[in-house]
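# Commentary on secondary and tertiary structure
This is what each chain is made of:
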Amino acid sequence: MSTVYIVDDDRGVRDSLVLLLSLKGYATRAFDSGRAFLAAALPEWAGCALVDLRMPGMSGLELQRELAARGIGLPLIFITAHGDVTATRQALKSGAVDFIEKPIDDVELLAAIEAACKRDERARHSRAHSTRFGELLARLTPREREILDRVVAGEHNREIAQALGISARTVEVHKAHLMDKLQIERIPDLVRAMLELRREGPAG
């Protein structure tokens, strides 16, 4: 379930946001500082965080950097009464979903939260799919993996056969086996899955 995490040193702001979002059906958790949030945050948290830009001890931008360093990809929406172009550019460049000035417009805020939660859901789905594909990839034999890499590189059966000193028919058999193991039916889908996995990190 998605949760909206509220990080603001102003208790009045925290309370009003909790009330608003609860009435809209969102689960919420509130923190009075970036450090308090950081001490509790877990990579598996789903949803998004509303983060005050200027807080004592740890600013919103410092919190954003630390979350990224810890591999916590929760989408952030910055809120501030002191909006400035430099901070906005830096926050958005670092992956923030939006940047909203106080006094907060409820409609604008709710739209940003919806977008952030959808982004988080898509990212989690993509990571889960990649994890599953990586597990399937680990089932391949060294020869199947070698042929897979050559297929993804765009080589045809005859080229692969010549490079590996085997027949084109043997290459075709290996391809059929590896695609069955990876639960993929078409070569374009195989190539796409491998490229997506490589974008996210080293393949198994």
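The structure under discussion appears in the preceding block.
Quick caveat: nothing in here was measured; it's all calculated off a predicted structure. (Residues numbered from 1 in each chain as written. Predicted model: local features only at pLDDT ≥ 70, side-chain atom pairs only at ≥ 80, totals over all residues. Heavy atoms only, no water.)

## A few points about unusual backbone geometry
The amide bond that connects Lys 102 to the next residue, Pro 103, takes the cis arrangement and shows omega of -5°. Residue position: Pro 103 is located in the loop between β5 (98-101) and α5 (106-137). In this model, Gln 183 sits at a positive phi of 60°, which is unusual for a non-glycine residue. Within the secondary structure, Gln 183 is located in the loop between α8 (168-181) and α9 (187-200). A relative accessible area of 53% places Gln 183 in the exposed class. (Helix = DSSP H or I, 4+ residues; strand = E, 2+ residues; numbered from the N terminus. Buried < 20%, exposed > 50% of the residue type's maximum accessible area, 1.4 Å probe, protein only.)

## A word on the pattern of salt bridges
Throughout the structure, instances matching the rule amount to 13 salt bridges. Arg 150 is the salt-bridge partner of Glu 155, the closest N and O atoms lying 3.1 Å from each other. Using a relative accessible area of 24% as the deciding quantity, one classes Arg 150 as partly exposed. Among the charged side chains, a network of salt bridges with common partners joins Asp 8, Asp 52 and Lys 102. (Salt bridge = Lys/Arg side-chain N within 4 Å of Asp/Glu carboxyl O.)

## Quick look at the pairing of strand β4 (residues 76-80)
A large share of β4 lies buried, amounting to 5 of its 5 residues. Going residue by residue along β4, you find Leu 76, Phe 78 and Thr 80 tucked away on one face and Ile 77 and Ile 79 tucked away on the opposite face as well. Pairing between strand β3 (residues 47-52) and β4: 4 bridges, direction parallel. Along β4, the bridge assignment pairs Val 51 with Phe 78. In this fold, β3 hands off to helix α3 (residues 60-69), which returns the chain to β4; that crossover is right-handed. Two strands pair when backbone bridges link them, and β4 and β5 are joined in this way by 4 bridges, in the parallel orientation. Of the residues in β5, the one forming a bridge with Ile 79 is Ile 100. (Pairing = 2+ DSSP bridges. Right-handed = clockwise from strand over helix to strand, strands pointing away.)

## Considerations on the environment of Arg 158
Tracing the backbone shows Arg 158 in helix α7 (residues 157-164). Residues Arg 158 and Ala 168, spaced 10 residues apart in sequence, show a C-alpha to C-alpha distance of 5.3 Å.

## Some remarks on the packing of helix α6 (residues 142-152) against α7
Look at α6 against α7: their axes get within 10 Å of each other, and the N-to-C directions meet at 135°. Relative to α7, α6 is oriented oblique. Like other packed secondary-structure pairs, α6 and α7 cross with a definite hand, here right-handed. Residues Arg 143, Glu 146, Ile 147, Arg 150 and Val 151 of α6 pack against Ile 160, Ala 163 and Leu 164 of α7. Within the contact of α6 with α7, the residues separate by chemical class into 5 nonpolar, no polar and 3 charged. (Axes fitted to C-alpha atoms, helices over the stretch in contact; angles between N-to-C directions. Parallel < 35°, antiparallel > 145°, perpendicular 65-115°, else oblique. Left-handed = near helix turned anticlockwise from the far one by under 90°. Contact = heavy atoms within 4.5 Å. Nonpolar A, V, L, I, M, F, W, Y, C, P; charged D, E, K, R; others polar.)

## As for α7
Taken together, the buried positions of α7 are occupied by Asn 157, Ile 160, Ala 161 and Leu 164. Taken down its axis, α7 places every buried residue within 100° of arc, on the same side. Summarising the geometry of α7, the exposed residues directed more than 90 degrees from the buried face are Arg 158 and Gln 162. Structurally, α7 contributes buried residues whose contacts are with α6 and α8. Gly 165 sits one or two positions beyond α7 and adopts a positive phi of about 70°. (Arc of directions from axis to C-beta.)

## Regarding the layout of surface pockets
Quantified by volume, the largest pocket comes out at close to 250 Å³. Lining the largest pocket are 16 residues, with Ile 72, Gly 73, Leu 74, Ser 94 and Gly 95 positioned closest to its centre. Those elements that place two or more of their residues in the lining of the largest pocket are α3 and α5. Grouping the constituent residues of the lining of the largest pocket by class yields 8 nonpolar, 4 polar and 4 charged. (1 Å grid on protein atoms, 1.4 Å probe; cavity = no way out; pocket = protein on both sides within 12 Å on 5 of 7 lines; lining within 4 Å. Points joined across faces, edges and corners; volume = space filled by probe spheres on them.)

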